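Letter by letter, the chains look like this.
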Amino acid sequence: MLESRGNWSTKAGFILAASGSAIGLGNIWKFPYITGDYGGGAFVLVYLICVAVIGLPLMISELIVGRRSQKNAVTAFEKLHRENSPWKIVGWLGVASGFIILSFYSVVAGWALAYIFKAIVGFSGTAEQITGQFGGLAGNASDSVMWHTLFMGMTIAIVIGGVKGGLERWSKILMPSLFIILFGLMTYGLFFTNGGMQAVSFLFKPDFSKLTSEAILSAMGHAFFTLSLGMGAMITYGSYLKTQEGILKDAIIISFLDTLIALMAGIAIFSLVFHYGMEPGQSVGLIFKTLPVLFAETGRWISVPFFILLTFAALTSAISILEVVVAYFIDEKHWSRKKATLLLGGIIYLVGILSAVGKWTVPFRGSDQGFLDIFDYISTNYMLPIGGFLTCLYVAYVVDEKIKQSEFGSSGALYMTLSILLRFVTPVAVFIVILNGLDLLPFVE
Ligand code: PFF
């Protein structure tokens, strides 16, 4: 029996699910630590420009392709061009990115889950002992695999529930909870610590002397990851939309919410960092090493909600990544949702074990590296930008002008601006990110 594809029950449900996809580890784990590393305000400003100039046009493009075709990320490219169109490859690249990204994403999310329990027990001891807990978890293969198993199990269970009963239902529960928790943490940081004002000026007062070319490129690359672009997630979510109006408005709301949450997380985290006189540039360890040391002072009522927040954010993103992969097999191979989710989720889970067992390394870019770092590097620097670049060219030069105008809902000045960005500005910016990923930019050390 053929299952129907499914649809969002309300527009608000779609917005929450799509924002849930965008808002994830990228906002609460990655954005604060790269902002810390690249010196704050000037980096944030460049990032905001990237969201507007690269992110928003691409998000609109993906939503147009998805909504118009009513198809998964692979078939959508055929539908708006022709049968057996070579553009289908872009969709395949997206599905492949889904496998790779979710495999390591689930490992990091598993750590977030583990930290909820560590926070409940309480962080105590010397700073070394507390930061050492992270090595104890990430370096312990069986622990990491166990938490990865649990997180992947939750992801699979939600996706089996379908578009309305799984994705939409859980986004409606998790996203408002996430917002309330983050609002509470930010308010605490701003008004109940001595670091609030310093955090705000760190994030919003640009010091351009700190801006390097590497920072600019990271900001562009991060714009993709954080908005879930370049692998067909927004095509897939857009394909469950029935109504055609308001794609621009939806894209603006989703990008705005994603940015807002990243900035709120930045304020919440850096208020604590400054309050306790720490340096903001703590790299990858910011969330799992530095913060727990500070949480030993603040107590459980800050640390437990924080790691719940991180886990919720990761979960609503993980389900969207799995959905990209699952949707193709439901649409085209006519698999039942249950079979597709269990089988594909299962394979991704197995690939994830490579990342969870931190000790396994292979030579990559001149040194021995773990799978998690390699998968993160390849997907963020190559796969998503290449997927985004090709999607942009497809929408700019292949999709019929009339289709775009009718999906966009106007042919006025806003549409002209989008057209110009998509034809000339966005692809060039993305191409530079790709060259950088391939180490082909001479001026970036
Ligand atoms: N946007 C998510 C985050 O910021 O954590 C990650 C992500 C989700 C990337 C879905 C790509 C994707 F398709």
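To start, this report covers the structure provided alongside it.

Rules used in this analysis
- In every chain, residue numbers begin from 1 and rise along the written sequence.
- In view of the model being predicted, local features appear only for residues whose pLDDT reaches at least 70, and side-chain atom pairs are presented and counted only at 80 or more, with totals across whole chains, interfaces and linings using the full set of residues.
- Calculation of side-chain values draws on the structure's entire complement of heavy atoms; hydrogens and water are dropped beforehand.
- Pairing of aromatic rings covers Phe, Tyr and Trp, the last counted by its six-membered ring, and requires centre-to-centre distances within 6.5 Å; plane angles under 30 degrees mean stacked, over 60 mean edge-to-face, and any other angle means tilted.
- Helical segments are the DSSP runs of H or I of at least four residues, strand segments are the runs of E of at least two, and each set is numbered from the N terminus.
- Exposure classes here rest on a 1.4 Å probe applied to the protein chains alone. A residue is buried below 20% of its type maximum, exposed above 50%, and partly exposed in between.
- Both a distance and an angle decide whether a charge sits over a ring: NZ of Lys or CZ of Arg must be within 6 Å of the ring centre and within 35 degrees of the ring normal.
- Axis definition: a line fit to C-alpha positions, over the contact stretch in the case of helices; interaxial angles, taken between N-to-C directions, run 0 to 180 degrees.
- Angular relationships are summarised with four words: roughly parallel below 35 degrees, roughly antiparallel beyond 145, roughly perpendicular across 65 to 115, and oblique for the angles in between.
- Here is the rule for handedness: rotate from the far helix to the near one, and if that takes an anticlockwise turn smaller than a right angle the crossing is left-handed, while a clockwise turn gives right-handed.
- Contacts are residue-level and defined by heavy atoms, with any inter-residue pair within 4.5 Å sufficient.
- Proximity is defined per residue: any heavy atom of the residue falling within 4 Å of a molecule or strand makes that residue near it.
- Polar contacts, as used here, are pairs of N or O atoms within 3.5 Å; protein pairs need one atom able to donate a hydrogen and one able to accept it. Residues neighboring in sequence count only if both atoms are side-chain atoms.
- A 1.4 Å probe and the Shrake-Rupley method give the accessible areas. Residues count as covered only by the protein chains that appear here.
- When residue character is reported, Ala, Val, Leu, Ile, Met, Phe, Trp, Tyr, Cys and Pro are called nonpolar, Asp, Glu, Lys and Arg charged, and the others, Gly included, polar.
- In this description, strands pair whenever DSSP reports at least two bridges between them.

1. Some details on the packing of aromatic side chains
And then number 1: Enumeration according to the criterion identifies 36 aromatic pairs in this entry.
And then number 2: Arranged with centres 5.2 Å apart and planes meeting at 45 degrees, the rings of Tyr 115 and Phe 307 form a pair that is tilted. In this pair, Tyr 115 sits in helix H5 (residues 88-121) while Phe 307 sits in helix H14 (residues 300-333), placing the two residues 192 residues apart along the sequence. We note that Tyr 115, like Phe 307, is buried.
And then number 3: Positioned above the aromatic ring of Phe 225 is the side chain of Lys 30, whose terminal nitrogen or guanidinium carbon lies 4.3 Å from the ring centre.
And then number 4: The ring of Tyr 115 carries Lys 118 above its face, with NZ or CZ at 5.8 Å from the centroid.

2. Notes on the packing of H14 against helix H15 (residues 337-356)
And then number 1: Look at H14 against H15: their axes get within 9 Å of each other, and the N-to-C directions meet at 130 degrees. When the interaxial angle is binned, H14 and H15 end up oblique. At the point where H14 passes H15, the crossing takes the right-handed sense. Contacts between H14 and H15 pair Leu 322, Glu 323, Val 325, Val 326, Phe 329 and Ile 330 from the former with Arg 337, Ala 340, Thr 341, Leu 344, Gly 345 and Ile 348 from the latter.

3. Concerning the site of the ligand
And then number 1: Taken together, 15 residues sit near the ligand, with Ala 22, Leu 25, Gly 26, Tyr 105 and Phe 225 positioned nearest.
And then number 2: In this structure, an oxygen atom belonging to the ligand sits 2.6 Å away from a side-chain N or O atom of Tyr 105.
And then number 3: Here a nitrogen atom of the ligand sits 3.2 Å away from a polar atom, N or O, in the main chain of Thr 226.
And then number 4: Burial of the ligand by the protein amounts to 100% of the accessible area it has alone, namely 330 Å².
And then number 5: Sorting the residues of the shell around the ligand by element identifies helix H1 (11-22), helix H2 (25-37), helix H10 (213-226) and H14 as the ones contributing at least two each.
And then number 6: By residue class, the composition of the shell around the ligand is 7 nonpolar, 8 polar and no charged.

4. Considering the environment of Met 197
And then number 1: Residue position: Met 197 is located in helix H9 (residues 196-204).
And then number 2: Put simply, Met 197 and His 275 are 78 residues apart on the chain and 9.9 Å apart in space, counted from C-alpha to C-alpha.

5. As for the pairing of strand E2 (residues 367-370)
And then number 1: In the sheet, strand E1 (residues 361-364) pairs with E2 via 4 bridges, with the strands oriented antiparallel. Considered in E2, the bridge of Thr 361 is made with Gly 370.
And then number 2: Linking two consecutive strands that pair antiparallel, namely E1 and E2, is a turn of 2 residues; a positive phi of about 45 degrees is found at Arg 365 within it.

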